[in-house]
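Overview (structure and organization)
Each chain is listed here by its residues.
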Amino acid sequence: MAETVNDTLKPVRGEVYRWLAGVFAREPTAGTLATYRSPEGRAILQDLSRMEPLREGAAGFLTLVNDETDLEALAFELAGVYARLFLGAGGPAAVSPYESVHTSPQHRLFQQATTDMERLLAEHGLSVAGAPEPADHIAVELEFLAALASSGAAALERRLLDEHLLRWAPAFCAACIERDPGGYYAAAARVLRGMLEMEAA
């Protein structure tokens, strides 16, 4: 079954990672949420929900944006959840989106993981100079993975997974699921967790 799922996902892996990067980069607008409700958005989520490792997360998105949902109100609510989880407003309930915080002995920003990610990006001619987040933010790493998956840079993609995402993103996903149970970011974390489980396998 896992081999079949991987074969099905291969052509769209880059798009899935790019979507997840956007989810974790910023809070959604009502317009963003409306795309999930569109026929195309529903079809994509339904396709993902047919793949066992992604089923629960994709189903969560479909439930959140059903036809009765007031999308403006939901966007406002999710802005608060985003601030609580990822911008530190939740205090101890926050989830750090930075690899350094998860992997450094001091659990602080701008540690070795940041430097290592900057070097890895530079190998592909990329930089986060001027960007709002450091190189080890979950959205930056997922966007980079999306670019590598789409370009066929398999060796560099494997390094990004083995040396970075697979080392810390599962814990990030677990924290999102624990602290946003049944929510938008828990759904995204379940999709990401499923993707990474397939990558690890």
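Small disclaimer: the values here were computed from a predicted structure and weren't measured.

Digging into the confidence of the model for the protein chain
Counting all residues, the mean pLDDT for the protein chain is 91, and 96% of those residues have values of 70 or more. By mean pLDDT, helix H1 (residues 2-9) is the weakest element of the protein chain at 53, and helix H7 (residues 99-103) is the strongest at 97. Considering only residues more than four positions removed or in separate chains, one finds that residues 1-5, a stretch of pLDDT under 50, has 3 contacts.

Notes on the pattern of salt bridges
Where charged atoms from two side chains of opposite charge come close, those side chains can pair. Scanning the model with the defined rule gives 11 salt bridges in all. In this structure, Asp116 and Arg119 form a salt bridge, with 3.9 Å as the shortest nitrogen-oxygen distance. Taken as a pair, Asp116 and Arg119 lie in helix H8 (residues 112-123) at a separation of 3 residues, close to a single helical turn. Taking the shortest distance from any N to any O, the salt bridge between Arg159 and Glu123 comes out at 2.7 Å. Taken together, the residues span a long stretch of sequence, with Arg159 in helix H10 (residues 154-179) and Glu123 in helix H8 at a distance of 36 residues. On the accessibility criterion, Arg159 (31% relative accessible area) is partly exposed. Through salt bridges with shared partners, a single ionic network connects Arg13, Glu157 and Glu199.

Reading the values: the criteria
Each chain has its residues counted from 1, running along the sequence as written. Totals for whole chains, interfaces and linings use all residues, but because this is a predicted model, local features are given only for residues with pLDDT of at least 70 and pairs of side-chain atoms are given and counted only at 80 or more. Excluded from the side-chain calculations are hydrogens and water; all other atoms, namely the structure's heavy atoms, are used. Residue-level confidence of the predictor, termed pLDDT, takes values from 0 up to 100. Under the DSSP-based scheme used, a helix requires at least four consecutive residues in state H or I and a strand at least two consecutive residues in state E, with every element numbered from the N terminus. Pairs of residues are marked as contacts when any of their non-hydrogen atoms sit within 4.5 Å. The salt bridge definition used is simple: a Lys or Arg side-chain nitrogen within 4 Å of an Asp or Glu carboxyl oxygen. A 1.4 Å probe rolled over the protein chains alone gives each residue an accessible area, and that area as a share of the maximum for its type sets the label: buried under 20%, exposed over 50%, partly exposed in between.

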